[in-house]
Amino acid sequence: EEQPVDTIYPEESPEAKITMNCRARANPPATYKWRLDSRDIDMDADDHYSFVGGNLVISNPVKNKHVGMYSCVATNDYGAIISREASVQFGYLDFFSSEERQSVRVKEGQGAVLLCAPPPHYPAELSFRWMLNEFPIFIQLDKRRFVSQTTGNLYISKVDASDSGNYSCFVSSPSISKSVFSKFIPLVPLAERPIKKYPADLKVTFPDTTALVGQNITLECFALGNPIPVIRWRKLDGQLPSTHELGMSGAHLHLNNVQFEDAGTYQCEAMNSKGKDYHSARVSVEAYPEWVDHINSTEKAIDSDYTMSCVASGKPKPYVRWLKNGTLHDVPWIPPCLLMKFTGLTFEDSGMYQCIAENHHGVIYANAELRVIACAPTFEHNPVKRVLGAKNSRVVIKCQPKAAPKPSFSWSKGTELLSNSTRMFIWEDGSLEILNVTLADEGRYTCFAKNDRGKANSTGSLSITEATKITLAPSNADVTVGESARMQCAASHDSSLDITFIWSLDGHVIDLHKDRQHYERTPNGSSNGELLIKNTQLKHAGRYSCTAQTPLDNVTASAQLVVRGPPGPPGGLRVTDITDKSVRLQWSCGADNHSPISKYTIQYRDSFSKDVWKDATTSPEVIEGNVETATVVDLFPWTEYEFRVIATNTLGTGDPSTPSAEVLTLEAVPVVAPSDISGGGGTSRELTITWTPVQPQYYSGPNFGYIVAFKPHDGSEWWRVTVADPEARRYVHKNASISPSTEFEVKVKAFNSKGEGPFSHTAIIYSAQDAPSEAPTRVEGKALSATEAIVWWLPISHSHVDGYQVKYWKKQDDSEGGAHRVAVPGKGNHTRLEGMKPDSHYLIEIRAYNAAGYGPPSPHFQIYTKKAPPSQPPRIIGKKLKGHLVNIAWEHVEPLWNESSIDGYKVNIVLFLSHLKFCSLAKLFAYLRTIDLPVPREGDFVVEVRATSEGGDGAVAQIHITGNSHNPSCTLVA
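This is a predicted model, so every value here is computed, not measured.

1. Let's talk about the overall build of the chain
Within the chain one finds one helix and 89 strands. Relative to the compact-globule value of 30 Å for 974 residues, the chain shows a C-alpha radius of gyration of 49 Å, a clear excess of over 25%. Over its C-alpha atoms, taken along the principal directions, the chain stretches across nearly 150 × 85 × 80 Å. Residues counted as buried form 43% of the 974 residues belonging to the chain.

Printed below as a string of structure tokens:
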């Protein structure tokens, strides 16, 4: 009832013991012993071992003594039985090497692989994550970054500047609950402009894999490349299993609950605009042993014959062996059914038998007790019973005494001894069979049993009832999908018996509760079993059988239901005659469902819209219902397609066929040219040409790119340049001989490995301007406060000026690195400078700019900012009411040595009235240090007082005043 299980003991476990469980159901109770590698364990010779019940406890286990395969043997007076074998292994996960890891330097846009190299460990199963810079910051995996759960390596499809950092491989062993991490590996992205693009390159691939039935497995594929490659999966010899799932942005293919039909060759494809890469490997499916037939405990009579059977399935086919009382049994077994035969059983054949089926995936056990008995016949536990029989039916009266060896049987009716006849038979097991029973067969029947150890008899009775008959049989019916149908059924039966009606469709019993959406029994008396079929579907067509059944007999009547509806899916879809723009399809018609097929529709989906099926253009344009082939036209060259066919009749459109295998149309010369040809601008002596790239479905073949042609407007010879990147949007031609703002004609066309396509329309663009060649003059300015200044200048005469840049910085910093910059667009000739430091010496330069760059700077102009405004607020020394006025007074502010002199004071009044705020301002001379203010009629107000100077306004002092409702005036006195 409890068996040992495989155990992994962590070498660093704080619990210094291993417990192997064993418990058997036995009467009398069992005694136990244990085996290690098929040898009995001597409990006295090793004090590490002890018993707790039937469990084996290993204290302070030692690796070189206690590793191995353990089994438990349970024994009592009736036999012995052995448990399954279970392994004990010691688990460990060493630390990573303390050696420093070398830096990995990779150009931006290239892929990177950081090797994990996990330390020695057992068992093999590990999980991997990667830390970035510190614990516990783990990198988030996405379509650009991937961690292989096979090797632990970190893969980055294309490196960018944000990947810079220190990486550590974090390894966990779930079996022993331990984790370790490696030394940090510095990853240094190297800037490269422009960033190059690279074709998809598969770096993580899956090997040939063996899976077990019912198991979940994961196949890995990941590619480096720029742009980031897209991973796609397919099964080369069929459809992907319906239970498959994709994970890790497509890098994982999960096959769940694997079955034998999932075996085959699987392929992953990595693709980006620069190229494709493929990998294929085989998935084989095998199976753990499983019992098809196995032994069960039984009692058998002495001297009888008996056959034990054990049949196991599995892949590879299991090897089966037999044990009796825990040891190999020497009675020959008979392949292939694995039968063990006994002829003339003896008491010595009693015991515990086991058959063991094993392949390299595992072992299963079947256990049974064979008990050989001898006794005189007895009906104590199973007397002959009273039996009811329907008139004209067959009746069997059983006689099953317990007896060993098997007895001989005889029967009597009343005082009449019965013998075999045309209507009566005595079976070998003692049962009495009577055919076509009538009322005359009613009476009392006695069975006599006799063997060499004694004899016994038992009497029962037989009563006859009226036979059950169908009085109203169901009739054939013909309906259309969605309609309802009624199947009648009524029967007569013996009134002393209950009757039930059972309906079946094509031999399968209908579950009226489970299928109540479509089936309903109409209540119409106990002898009526009419069936209502609602909203009929095609699946409801077939032969309906009504069975009227009593406890004694049953009778059945049947009728056919025809359901007319849309056609079934066509089958056998094949794709032939593949060209660059067309394919030919062939199929076989599906079921017409009793209404002729009127037409077929062909649909397709391509590699650019995998989730959308579209109607295809065909030849002939309308595909008649008697046609089973057609050509699909107007396809894109060098594109992967799947096709399906849908049939239609007068009752509707049916389900689509199974999609065809993916096919690739042939390559062709491109026919679509880039659009939106434009350009211009850039730096001096450059010609910039731009366009909108061609969409991938128009590539028409591999090695796609662009040919850019251009010439001066008055020139005759075209210059041609090849751009190999299919996603490119611009080309910049640099040539010192190009004059500024020169008119050029430009055009662009596509090419691939088959040839060149048509040119786009010709566009007119201009080469880049020259940067301004002169500096602004007559630069002047002045400080406005401690932090602000204004500067102005005389604009330059250059005709192409987009604006001016004003740069200013503190002279004592002796560096322009921290300079402030202000852009003045258009023809502006002045600007305000902010964020300056008080009492500081600033240098200012101005230069003109346009799309080609900046012109030369003006001579430096110097500005000295004012000293800082007073940092101390005025101290309020009085607030007195004088009638309807309030007088506020303050002390004079004394500026510090590095602050501006006081020019006067500002009084700001903020009035709060009905959630509104009103502000007034008064400016006072320096010698005034008091002000009279009217008290407002309602509301509150705040008075703010601050000193003012040439460096700006100083710190503020505030006083809050509450209004007086008796005073209607509200004026400001300065």
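Structure shown, so let's carry the discussion forward.
2. Observations concerning the UniProt feature "domain: Ig-like" (unreviewed entry) in the chain
Per the UniProt record, "domain: Ig-like" (unreviewed entry) is annotated on residues 4-89, 94-181, 199-284, 289-371, 377-463 and 468-562. Along residues 94-181 the backbone is 0% helical and 39% strand, and the end-to-end C-alpha distance reaches 10 Å. For residues 377-463, the helix share is 0%, the strand share is 53%, and the end-to-end C-alpha distance is 27 Å.

3. Thoughts on the confidence of the model for the chain
When pLDDT is averaged along the chain, the result is 90; 95% of the residues meet or exceed 70. Confidence over residues 965-974 falls short of pLDDT 50; this stretch has 24 contacts with residues more than four positions distant or in other chains.

4. A word on the pattern of salt bridges
This model, assessed by the stated rule, comprises 44 salt bridges. In this structure, Asp142 engages Arg145 in a salt bridge whose closest nitrogen and oxygen atoms are separated by 3.7 Å. For Arg234, the salt bridge goes to Glu640, with nearest N and O atoms at 3.4 Å. With Arg234 in strand E23 (residues 230-235) and Glu640 in strand E64 (residues 640-649), this residue pair connects regions lying 406 residues apart in the sequence. The structure contains a network of salt bridges with shared partners spanning Arg234, Arg605, Lys610, Glu640, Glu642 and Glu662.

5. Describing the state of the cysteines
The tally for this structure, following the rule as stated, stands at six disulfides. A sulfur-sulfur distance of 1.8 Å marks the disulfide that ties Cys310 to Cys355. Judged by the sign of its S-S torsion, about -45°, the cystine formed by Cys310 and Cys355 is left-handed. Taken together, the positions of Cys310 in the loop between strand E29 (306-309) and strand E30 (311-315) and Cys355 in strand E35 (residues 351-359) put the pair 45 residues apart, joining distant regions of the chain. The pair Cys310 / Cys355 is uniform in exposure class, with both members buried. Two residues, Cys489 and Cys546, share a disulfide whose sulfurs are 1.9 Å apart. In this structure, the disulfide formed by Cys489 and Cys546 twists by about -80° around the S-S bond and is classed as left-handed. With Cys489 in the loop between strand E49 (485-487) and strand E50 (490-492) and Cys546 in strand E55 (residues 542-549), this pair connects stretches of sequence that are 57 residues apart.

6. A word on the environment of Ala852
Looking at the element boundaries, Ala852 is found in the loop between strand E80 (841-850) and strand E81 (853-854). A relative accessible area of 11% places Ala852 in the buried class. On a C-alpha basis, the gap between Ala852 and Val801 in space is 9.9 Å, while along the polypeptide they are 51 residues apart. Among residues more than four places away in sequence, those in contact with Ala852 are Gly682, Thr683, Ser684, Gln769, Asp770 and Ala771.

7. Brief notes about the packing of aromatic side chains
The geometry of an aromatic ring pair comes down to the distance between the two centres and the angle between the two planes. A complete count under the given rule lists 23 aromatic pairs for this structure. Measuring from ring centre to ring centre gives 6.4 Å for Tyr306 and Phe342, while their planes differ by 15°; the resulting arrangement is stacked. With Tyr306 in strand E29 and Phe342 in strand E34 (residues 339-342), this residue pair connects regions lying 36 residues apart in the sequence. Of the residues examined, Phe342 reaches a relative accessible area of 5% and is grouped as buried. Aromatic side chains Tyr699 and Phe704 sit 4.2 Å apart centroid to centroid with 20° between the ring planes, which places their arrangement in the stacked category. A residue is classified by how much of its surface remains accessible, and Phe704, at 5% relative accessible area, is buried. Members of the aromatic cluster, joined through ring pairs, are Phe135, Phe138, Phe170 and Phe181. Seen from the ring of Phe138, Arg129 lies directly overhead, with NZ or CZ sitting 3.9 Å from the centre. Between the NZ or CZ atom of Lys276 and the centre of the ring of Trp638, over which it lies, the distance is 5.2 Å.

8. Some details on the sheet that holds E35
Judged by pairing direction, the sheet is mixed, and its five strands sit side by side in the order E28-E36-E35-E31-E32 without closing on themselves. Edge positions in the open sheet fall to strand E28 (298-301) and strand E32 (327-328), since each of these has one partner strand only. Bridge count for E35 against strand E36 (residues 362-373) is nine bridges, and the pairing is antiparallel. From the neighbouring strand, Met352 faces E36, where its bridge partner is Glu369.

9. Section: the UniProt feature "domain: Fibronectin type-III" (unreviewed entry) in the chain
When the UniProt feature table is mapped onto this chain, "domain: Fibronectin type-III" (unreviewed entry) is found at residues 569-668, 673-770 and 775-868. Secondary structure across residues 569-668 comprises 0% helix and 48% strand; the distance between its end C-alpha atoms is 34 Å. Secondary structure across residues 673-770 comprises 0% helix and 50% strand; the distance between its end C-alpha atoms is 32 Å.

10. What about the nonpolar core?
A general tendency of soluble globular proteins is for nonpolar side chains to be buried together. Judged by nonpolar contacts, the single largest core of 22 residues is most densely connected at Cys116, Phe128, Trp130, Leu154, Tyr167, Cys169 and Val171. Mapped onto this core, the elements with two or more residues apiece are strand E11 (112-114), strand E13 (127-132), strand E15 (154-156), strand E16 (165-173) and strand E18 (185-190). Among all residues touching Tyr167, those that are not within four sequence positions of it are Leu114, Trp130, Met131, Leu132, Ile139, Leu154, Lys183, Phe184, Ile185 and Leu187.

11. Section: the pairing of E55
The buried fraction of E55 amounts to six of the eight residues, a majority that puts the element mostly inside the structure. Here strand E51 (residues 500-505) runs beside E55; their pairing, made up of six bridges, is antiparallel. Its bridge partner lying in E55, Leu505 is registered against Tyr544. Alignment of E55 against strand E56 (residues 554-564), held across eight bridges, turns out to be antiparallel. Of the residues in E56, the one forming a bridge with Tyr544 is Ala559. From the end of E55 to the start of E56, which pair antiparallel, there are four residues.

12. A word on unusual backbone geometry
At the junction of Lys315 and Pro316, the peptide bond is cis and its omega measures out at 0° in the coordinates. Mapped onto the secondary structure, Pro316 falls in the loop between E30 and strand E31 (319-324). The amide bond that connects Ala404 to the next residue, Pro405, takes the cis arrangement and shows omega of 0°. Examined against the element boundaries, Pro405 turns out to sit in the loop between strand E40 (402-404) and strand E41 (408-413). Even without being a glycine, Asn60 presents a positive backbone phi close to 45°. Mapped onto the fold, Asn60 is located in the loop between strand E6 (55-59) and helix H1 (63-66). Its identity is not glycine, yet Ser700 carries a phi of approximately 65°, on the positive side. You can see Ser700 is positioned in the loop between strand E68 (686-692) and strand E69 (705-712). Judged by its relative accessible area of 4%, Ser700 falls in the buried class.

13. A few points about the sheet that holds strand E61 (residues 617-619)
Taken together, four strands build an open sheet; the order of strands is E57-E58-E63-E61 and the sheet is antiparallel. For this open sheet the edge positions go to strand E57 (571-576) and E61, each flanked by a neighbour on one side alone. Each strand axis lies, on average, 30° off the axis of its neighbour in the sheet, ignoring direction. Pairing of E57 with strand E58 (residues 583-588), which is carried by four bridges, proceeds in the antiparallel orientation. Counted as the bridge partner of Val575 is Leu585 from E58.

The rules behind the values
Residues numbered from 1 in each chain as written. Predicted model: local features only at pLDDT ≥ 70, side-chain atom pairs only at ≥ 80, totals over all residues. Heavy atoms only, no water. Helix = DSSP H or I, 4+ residues; strand = E, 2+ residues; numbered from the N terminus. Rg over C-alpha atoms; globule rule 2.2 N^0.38 Å. Buried < 20%, exposed > 50% of the residue type's maximum accessible area, 1.4 Å probe, protein only. UniProt positions renumbered as here; feature names shortened; annotations may be inferred. pLDDT = per-residue confidence, 0-100. Contact = heavy atoms within 4.5 Å. Salt bridge = Lys/Arg side-chain N within 4 Å of Asp/Glu carboxyl O. Disulfide = S-S within 2.5 Å. Phe/Tyr/Trp six-rings, centres within 6.5 Å; stacked < 30°, edge-to-face > 60°. Lys NZ or Arg CZ within 6 Å of the ring centre and 35° of its normal. Pairing = 2+ DSSP bridges. Core = buried A, V, L, I, M, F, W, Y, C linked by side-chain atoms within 4.5 Å. Axes fitted to C-alpha atoms, helices over the stretch in contact; angles between N-to-C directions.

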